[in-house]
Amino acid sequence: QVQLVESGGGSVQAGGSLRLSCAASGRTFSIYYMAWFRQGPGKEREFVAAVRWSGRNAAYADSVKGRFTISRDNAKNTVYLQMGSLKPEDTAVYHCAAATQDSLYYTQTFAYGYWGQGTQVTVSS
């Protein structure tokens, strides 16, 4: 089992920045990928970014490329999402996810077996 706890959400004006954190515990040695997804009001959960638990490979949704950066600190079992140039359309509940199997479908929710409870990010214009 892997447990995930997010933190760092909040309210910010457009153009501002926030950093989200996701602390993993339990069988962290079994993690292949960590990712961030988000779910806006009335929308489906969508992929934001993913990073391999070992290695430097990272991937981003087109909508956040160049504005968001995903990173990890294996010593702290923590993944971060640095968000900049925030827009009102970035408003959503942001969820951290962990995959314990390698998969080509890392942008899809079904590739992830573990989820955090989510943290709210609100961007006002």
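Everything below is about the structure shown above.
As a starting point, this report considers the structure included with it. (Residues numbered from 1 in each chain as written. Predicted model: local features only at pLDDT ≥ 70, side-chain atom pairs only at ≥ 80, totals over all residues. Heavy atoms only, no water.)

**Points about the side chain of Glu 6**
Logical step 1: Position of Glu 6 relative to the elements: it lies in strand β1 (residues 2-7).
Logical step 2: At 7.5 Å, Arg 45 is the nearest oppositely charged side chain to Glu 6, a buried residue that forms no salt bridge.
Logical step 3: A polar atom in the side chain of Glu 6 sits 3.0 Å from the backbone nitrogen of Gln 117.
Logical step 4: The residues contacting Glu 6, other than those within four sequence positions of it, are Ser 21, Cys 22, Trp 36, Tyr 94, His 95, Cys 96, Gly 116, Gln 117, Gly 118 and Thr 119. (Helix = DSSP H or I, 4+ residues; strand = E, 2+ residues; numbered from the N terminus. Buried < 20%, exposed > 50% of the residue type's maximum accessible area, 1.4 Å probe, protein only. Lys, Arg positive; Asp, Glu negative; His and termini not counted. Salt bridge = Lys/Arg side-chain N within 4 Å of Asp/Glu carboxyl O. Polar contact = N/O pair within 3.5 Å; in protein donor to acceptor, adjacent residues only side chain to side chain. Contact = heavy atoms within 4.5 Å.)

**With respect to a nonpolar patch on the surface**
Logical step 1: On the surface, Leu 104, Tyr 105 and Phe 110 cluster together into a nonpolar patch covering about 430 Å² of accessible area.
Logical step 2: Residue position: Phe 110 is located in the loop between β9 (92-99) and β10 (114-115). (Patch = residues over 30% accessible without salt bridge, like charges linked within 9 Å, V, L, I, M, F, W, Y side chains within 5 Å. Areas by Shrake-Rupley, 256 points an atom, 1.4 Å probe, with all protein chains shown as cover.)

**Describing unusual backbone geometry**
Logical step 1: The backbone phi angle of Asn 77 is positive, close to 50 degrees, even though this residue is not glycine.
Logical step 2: Summarising the element assignment, Asn 77 is placed in the loop between β7 (68-73) and β8 (78-83).
Logical step 3: Here the phi dihedral of Ser 85 falls at roughly 45 degrees; this positive angle occurs in a residue that is not glycine.
Logical step 4: When you line up the elements, Ser 85 lands in the loop between β8 and β9.
Logical step 5: Residue classification places Ser 85 among the partly exposed residues on the basis of a relative accessible area of 45%.

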